[in-house]
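# Analysis of the macromolecular model
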Amino acid sequence: MEENYGKTILPLNIVENEDLPGTNSLEILFFWNRESTFEEAKESCIKATDHYNFFSSRLIMIDDNKFALQYCHDGAAFHFLPQIDATFESINVDDIRKMVVDVKTLPGEPLFAVTVVPIKGGRFVGIRCSHAVGDAFSLIFWCFIWKCIIEGSEFPPPSKQRLFTGQPVDFDQIDKVFSPPLSELSDRIQHRVQSGSPKIYSQQEYFTDEFFKDVKDQAKAENEQYIISSHQIMTAFLLKKYHDKMLPDTDKIILRNPINLRELYPDLDPMYIGNAYFASLTEFTKEEINTMSIPQIAYRLKESIHQARNKDHIKEILYLSDYGIEFKADVLKKYNPFNIETDISAANLTQLSDPESIGLDSNLVNILYMGSTAQTSFIILNQRNTLFAQITSRYPLI
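On a predicted model such as this, the values are computed, not experimentally measured, just so you know.

## Comments concerning helix α4 (residues 136-151)
Spanning 16 residues, α4 covers 23 Å between terminal C-alpha atoms, matching the ideal 22 Å at 1.5 Å per step. Burial analysis of α4 places 14 of its 16 residues in the buried class, which makes it a mostly covered element.

## Description of the nonpolar core
Membership of the largest hydrophobic core comes to 50 residues, with the highest contact counts inside it found for L238, L239, L261 and F378. Beyond its immediate chain neighbours, meaning those up to four positions away, L238 contacts E205, F207, H243, F378, I380, A389 and I391. Membership of the second largest hydrophobic core comes to 39 residues, among which are F78, C129, F144 and I379.

## Re the pattern of salt bridges
A complete count under the given rule lists 14 salt bridges for this structure. Salt-bridge contacts for E43 lead to K47; the nearest nitrogen and oxygen are separated by 3.6 Å. Taken together, the residues span about one helical turn, with E43 and K47 both in helix α2 (residues 38-51) at a distance of four residues. The salt bridge partner of K286 is D244, with a shortest N-O separation of 3.2 Å.

## Here's the deal with the pairing of strand β6 (residues 112-119)
Extensive coverage of β6 is indicated by the burial of eight of its eight residues. Judged by which residues are buried, β6 turns out to be covered on both faces: F112, V114, V116 and P118 on one side and A113, T115, V117 and I119 on the other are all buried. Direction of pairing for strand β5 (residues 76-80) relative to β6: parallel, over a ladder of five bridges. For F80, the partnering residue across the bridge sits in β6 and is V116. In terms of strand pairing, β6 meets strand β7 (residues 122-129) through eight bridges, oriented antiparallel. In the strand pairing of β7, V117 is matched with F124. Where β6 folds back on β7, the antiparallel hairpin that results is connected by two residues, among which G121 adopts a positive phi of roughly 90 degrees.

## Comments concerning the sheet that holds β7
Spatial strand order, β5-β6-β7-β2-β14: five strands in an open sheet with mixed pairing. In this open sheet, the two edge strands, each paired with only one partner strand, are β5 and β14 (365-371). Here the strands of the sheet are splayed against their neighbours by 15 degrees on average, with no regard to which way each runs. Against the sheet, α2 touches β5 and β6, its axis set at about 160 degrees to β5.

## Structural notes on the confidence of the model for the chain
Looking at the chain as a whole, the pLDDT averages 86, with 91% of positions reaching at least 70. Per-element mean pLDDT across the chain ranges from 78 in α2 up to 97 in helix α8 (residues 286-291).

## Here's the deal with helix α9 (residues 294-308)
Its 15 residues give α9 an end-to-end C-alpha distance of 21 Å, which sits within 8% of 21 Å, the value for a rise of 1.5 Å per residue. In this structure, the buried side of α9 is in contact with α6 (209-222), α7 (230-246), β9 (252-260), β10 (277-285), α8 and α10 (311-317).

## A closer look at the packing of α7 against α9
Contact geometry of α7 with α9 gives a least axis separation of 8 Å together with a crossing angle of 120 degrees. As summarised for this structure, α7 and α9 are arranged oblique, according to the angle between their axes. You can see that α7 and α9 cross each other, and the crossing is right-handed. In contact with Q232, I233, T235, A236, F237, L239 and K240 of α7, α9 contributes I294, I297, A298, L301 and K302.

## A few points about the sheet that holds strand β4 (residues 66-70)
As summarised here, the arrangement of the three strands in space is β1-β3-β4, forming an open sheet in which the pairing is mixed. Edge positions in the sheet fall to β1 (9-11) and β4, since each has one partner strand and no second. Direction aside, the axes of adjacent strands within the sheet are offset by 40 degrees on average.

## Some remarks on the packing of aromatic side chains
Throughout the structure, instances matching the rule amount to 14 aromatic pairs. Sitting over the ring of Y369, R97 keeps its end group 3.7 Å from the ring centre. Cation over ring: K199 sits above Y201, and NZ or CZ is 5.1 Å from the ring centre.

## Points about unusual backbone geometry
Across residues other than glycine, the phi torsion is negative in most instances, and most of the peptide bonds are trans. We note that N65 has phi near 55 degrees; this positive angle belongs to a residue other than glycine. Within the fold, N65 resides in the loop between β3 (57-63) and β4.

How each quantity is defined
Residues numbered from 1 in each chain as written. Predicted model: local features only at pLDDT ≥ 70, side-chain atom pairs only at ≥ 80, totals over all residues. Heavy atoms only, no water. Helix = DSSP H or I, 4+ residues; strand = E, 2+ residues; numbered from the N terminus. Expected span 1.5 Å × (residues − 1). Buried < 20%, exposed > 50% of the residue type's maximum accessible area, 1.4 Å probe, protein only. Core = buried A, V, L, I, M, F, W, Y, C linked by side-chain atoms within 4.5 Å. Contact = heavy atoms within 4.5 Å. Salt bridge = Lys/Arg side-chain N within 4 Å of Asp/Glu carboxyl O. Pairing = 2+ DSSP bridges. Axes fitted to C-alpha atoms, helices over the stretch in contact; angles between N-to-C directions. pLDDT = per-residue confidence, 0-100. Parallel < 35°, antiparallel > 145°, perpendicular 65-115°, else oblique. Left-handed = near helix turned anticlockwise from the far one by under 90°. Phe/Tyr/Trp six-rings, centres within 6.5 Å; stacked < 30°, edge-to-face > 60°. Lys NZ or Arg CZ within 6 Å of the ring centre and 35° of its normal.

Written out as structure tokens, the structure is:
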């Protein structure tokens, strides 16, 4: 352990250890408009993974002062399914999602799984990735590198921050004490695993330019200060429409908006691979949601995010260590992990879901679904210049 720590074994930071063990995976499903063999897809995927050292093991806290390893060498699972005799237009995306192999952030689990489903004219590619590897930006950036390797084109070098060296140790060489069964993990992690796979309901909500214009006109009429973005408007609309259905048993709701630290933290490499975010929290009572207008809700959200993005505030709570982003110890004193009974994750992934904005040819790659680890969430996406929201809930949405 001492020999590999910081080289091929990556410790989670204190907030990651609070949030991640036992959680569901990040998910992305896209259509690759090109036929390729399983060996070609797997070989290029492994090259991308090796280049960015995704295979560094993760040291996760499983109880007070007890640790285990989410393993590494061969830390990805590849699944190439039989071809479906159908065209893209005739296939239900939800049916494909059910075929994608899942992973969890637990000892001995793969870090991510890739599932390829060939059809006429291309491939569905589904990726489930442990949040211990990184955030949505990391996953999309890795997909871009994978594409570059398949095409034989140039791609950026790995960030020198949080860069691990050397080949990870084979899992069968690691002492079994570092891969205990679920029964030996803390009660909190066991409960998270047991409650982590309920039936999830989802649907999409599309937005038009006329809708945004009408709300912005309403905002201006209510208060000249209500200068609000399309993302804030969409989030406010979704909160007002769906809060009772998504969280029926609470009197207050907390919106958790991820803040991308790559845009804010001084000297942080924009190509940093890992979890480079923290959540801005905005609280509403249900009575407030029902009585406030969409512009009022959106403006409160804007003010809350603005305060969270303050660079002095960010420096007070975290720093960049040799192992990546680390939160200061006193943050845990008032830190509240995601609560499935009261919280909604509201992420703006419009740029990441637009293939051309991240260097992918929209005629070659079509991003169909992006999912977070949260069971209650709004994810704002962009598909062919159309903004829409992907809503997930533990309760029916209709």
